[in-house]
2 protein chains.
Amino acid sequence: MQTRALRSLVKISAVGSFATAADQLNMTLSALSMQIKSLEGELDVNLFDRSVRPPRLTPIGRSIVHEAKALLQREDSLVELCRPSDALVGHFRLGFITTAAVRLLPPFLESAKQSAPHAMFEFETGLSSTLQNKVLTGQLDAAVVTDADGLPGALSATVIGKEPFVFAAHQKLMTDGMSGLLADQTFFHFMPNTGIGKLIAYEMAKHKRRDTAKTVVLDNLEAIMECVTSGIGFTLLPEPDVDRYRTGPVQKVLLPRPLRRTLVLATLREGALAPREAALASLLVGQHS
Amino acid sequence: MQTRALRSLVKISAVGSFATAADQLNMTLSALSMQIKSLEGELDVNLFDRSVRPPRLTPIGRSIVHEAKALLQREDSLVELCRPSDALVGHFRLGFITTAAVRLLPPFLESAKQSAPHAMFEFETGLSSTLQNKVLTGQLDAAVVTDADGLPGALSATVIGKEPFVFAAHQKLMTDGMSGLLADQTFFHFMPNTGIGKLIAYEMAKHKRRDTAKTVVLDNLEAIMECVTSGIGFTLLPEPDVDRYRTGPVQKVLLPRPLRRTLVLATLREGALAPREAALASLLVGQHS
DNA sequence: TGCATAAGTTCAGAGTTCCTGAATTTGGTA
DNA sequence: TACCAAATTCAGGAACTCTGAACTTATGCA
């Protein structure tokens, strides 16, 4: 169906005659007449009572006009979506590494409501490597990941933020300073097999006495910080995560040589989103300390 | 805009490739490709990322698909409206003579909800002659009027019902029978200048003694019946109206020679509604005693 | 890495649709 | 009754759309 014919129909209904409608639509009367006639043929109804002049809408014709208006409004909004604008428009499938999702998502959605009111988002959380693969295969448009292991060449990355790692322990365990912690206390190790876990392991390997003390592996940040807050042991995590979950007198200790992970927004370098990557990233930066 | 192209787009999005979509749409791959390309040109956006094969929807493409589905649903319902069915479909502008509207409208709408769920109605009340003219000039599709003065030849009529006229008075005024009423009591005359009023005048003229007693003219049925119920005087009205408004001990007296008015549904004989007149009328008959 | 294959795109020509302008019909009006 | 304006019909030409073949290119397998 040609929406143009519906537009003609609505116009005729508005002005009340074929002649003036044809005039306003910049077409000949005969073209308009044929257009309506072909529409009537397609729908197999009489839209107009042609026994009078000018032809009058039939009852069903009036209903069709009503429906047509609704349809044309849909068309207008569809076209409007495509109008170039600096606002982000579209349906985006985004990935967030699990550890950052909790912190980044709410403020992201908040600022998206402002800067991209017509955009729609679909989220997925997972490991950095999983998300990278999904971006590569087109299952995701973009993902917030860490660049710890270096990104594949096909991906382009925009830095979202850097998160320094810190030790965290209950004050009462810190009387001997870091050396006491390392020597005697239980270490809570977050997901040793993932990107962030390997970074943590790499750092801990520098601190010799580790092999002698006890290590507990956990895949839940909140649980780790709950244990640390209770004074059961210590951990090594990105500072924002420590800040998010510490509730009691937990002390943070910076590393001798600062270690940090970098969060980046990764997209397919040659993908359709590439020109919009900066706009997307701008919704993410400046949202965490 | 060609809705067919939108249908193709939605199909591609559903099956995930141009080739299988083209197959299912019974068209060649090249035709489909050109269709989408022309749609992209019309909207001036890239719906697909063609750097991969099969091409993938871009974020905005996904949004367009979403909008397109809504639009196509509108189209479907528009086409559905036109499907021949025995139910009454359309937007009808109907007239009801004022005196009958109050009684006929509620049950009419009730049965319309059943028999014509997709029809829309617009109502207008007025004098029989006014409504007839509006039907003649196409301002109304049909009207319930009285055929008292005979209808113009251009109108066709379906009988909706016949309403006998009765005298009505409070019991206490009836002790002398009709002759007492006619001689001494105030007569409430409903709208003497209209069709129904002239019928009433015609009937009253038969009863000689009228000129001597008092007459009150009123254009409100409910008010007349309120006065009659209070015992202030008597009236002559269609029986259903008397029944509707009498609340106290009001007695009805049939006329010596029965007088009645006939309600008909009138439409333009050559109009578009003519074939549906019976269907419309069937929603009106059998609805009053 | 390079080839084979399948998937899309491009192109030219044919078929179809759609529009224009003139001729014709027809409802409303003087 | 005749006229006028409005709508329809018609024929020719312009514009669009489809088909089938040739071409290009991403992907998968050796």
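In this report, we go over the structure that sits alongside the text. (Residues numbered from 1 in each chain as written. Chains lettered and ligands numbered in written order. Predicted model: local features only at pLDDT ≥ 70, side-chain atom pairs only at ≥ 80, totals over all residues. Heavy atoms only, no water.)

What chain A contains, in helices and strands, is eleven helices and eleven strands. Relative to the compact-globule value of 19 Å for 289 residues, chain A shows a C-alpha radius of gyration of 31 Å, a clear excess of over 25%. Once the C-alpha set of chain A is aligned to its principal axes, its extents read approximately 100 × 40 × 30 Å. For chain A, buried positions account for 48% of its 289 residues. Within chain A, residue pairs in contact and separated by at least 24 positions form 71% of the contacts whose partners lie at least 6 positions apart. (Helix = DSSP H or I, 4+ residues; strand = E, 2+ residues; numbered from the N terminus. Rg over C-alpha atoms; globule rule 2.2 N^0.38 Å. Buried < 20%, exposed > 50% of the residue type's maximum accessible area, 1.4 Å probe, protein only. Contact = heavy atoms within 4.5 Å.)

A separate point is the protein's contact with DNA strand D. Around DNA strand D, the surrounding shell holds 21 residues, and the nearest of these are A:Ala19, A:Ser33, A:Arg50, A:Arg53 and B:Arg53. Protein-adjacent atoms of DNA strand D, using a 4 Å cutoff, are sugar or phosphate at a proportion of 57%. With respect to DNA strand D, the side chain of B:Ser30 contributes an N or O atom lying 2.9 Å from a base oxygen. B:Arg53 places a polar side-chain atom, nitrogen or oxygen, 2.6 Å from a base oxygen of DNA strand D. Sorting the residues of the surface near DNA strand D by element identifies helix H2 (18–24) and helix H3 (29–43) of chain A together with helix H3 (29–43) of chain B as the ones contributing at least two each. Among the elements that line the surface near DNA strand D, the one with the most residues is H3(A), at five residues. (Near = heavy atom within 4 Å. Polar contact = N/O pair within 3.5 Å; in protein donor to acceptor, adjacent residues only side chain to side chain.)

Turning our attention to helix H8 (residues 195–206) of chain A. Residues and elements named next belong to chain A. The end-to-end C-alpha distance of H8 is 18 Å, a good match for the 16 Å that twelve residues give at a rise of 1.5 Å each. Among the residues of H8, Ile-196, Gly-197, Leu-199, Ile-200, Glu-203 and Met-204 are the ones counted as buried. Seen from one end, H8 has its buried residues packed into an arc of 160°, which puts them on one side. Looking at H8, the residues exposed on the side facing more than 90 degrees away from the buried face are Tyr-202 and Ala-205. Contact partners of the buried residues in H8: strand S6 (155–170), helix H7 (177–184), strand S7 (186–190), strand S9 (233–238) and strand S11 (260–268). (Expected span 1.5 Å × (residues − 1). Arc of directions from axis to C-beta.)

Mapping chain B onto chain A leaves a residual RMSD of 0.2 Å; the transformation is a rotation of 180° accompanied by 0.0 Å of translation along its axis. Such a combination of rotation and displacement between the chain copies is what one expects of a two-fold axis. For chain B, the residue whose C-alpha comes nearest the rotation axis is B:Gln2, separated from it by 2.4 Å. Most of the interface of chain B is mirrored in chain A, where 100% of its interface residues again form contacts. (Least-squares fit on C-alpha atoms with pLDDT ≥ 70 in both.)

Moving on, we get to the interface of chain B and chain A. Between chain B and chain A, the residue contacts involve 40 residues of the former and 40 residues of the latter. When the buried area of chain B at its contact with chain A is split by residue, B:Met1, B:Arg62 and B:Leu78 rank highest and sum to 18% of it. Our count for the chain B to chain A interface comes out at four salt bridges. When residues of the side of chain B that touches chain A are traced back to their parent elements, those giving at least two are helix H1 (3–15), helix H4 (59–82) and strand S3 (90–97) of chain B. (Buried area = accessible area lost by both parts, 1.4 Å probe. Salt bridge = Lys/Arg side-chain N within 4 Å of Asp/Glu carboxyl O.)

Okay, helix H1 (residues 3–15) of chain A next. Residues and elements named next belong to chain A. The terminal C-alpha atoms of H1, which comprises 13 residues, lie 19 Å apart, in line with the 18 Å expected from a rise of 1.5 Å per residue. Taken residue by residue, H1 has Thr-3, Ala-5, Leu-6, Ser-8, Leu-9, Val-10 and Ile-12 as its buried positions. At the C-terminal side of H1, Gly-16 shows a positive phi close to 90°.

Glancing now at the nonpolar core. Generally speaking, nonpolar side chains in soluble globular proteins are found buried as a group. Counting 56 residues, the largest nonpolar core has A:Leu9, A:Ile64, B:Leu9 and B:Ile64 as the members making the most contacts within it. Every element with two or more residues in this core is listed here: H1, H2, H3 and helix H4 (59–82) of chain A together with H1, helix H2 (18–24), H3 and H4 of chain B. Discounting residues that sit within four places of it in the chain, A:Ile64 has contacts with A:Leu9, A:Leu43, A:Leu47, B:Leu78, B:Leu81 and B:Cys82. In terms of nonpolar packing, the next biggest core, distinct from the first, is built from 33 residues, B:Phe92, B:Leu131, B:Ala143 and B:Leu263 among them. (Core = buried A, V, L, I, M, F, W, Y, C linked by side-chain atoms within 4.5 Å.)

Residue and element names in this part refer to chain A. Residue Pro-54 is bonded to the preceding Arg-53 through a cis peptide linkage, with omega at 0°. You can see Pro-54 is positioned in the loop between strand S1 (48–49) and strand S2 (56–57). A positive phi angle, close to 35°, is found at Met-191, a residue other than glycine. Here Met-191 shows up in the loop between S7 and H8. By relative accessible area, Met-191 is classed as partly exposed at 23%.

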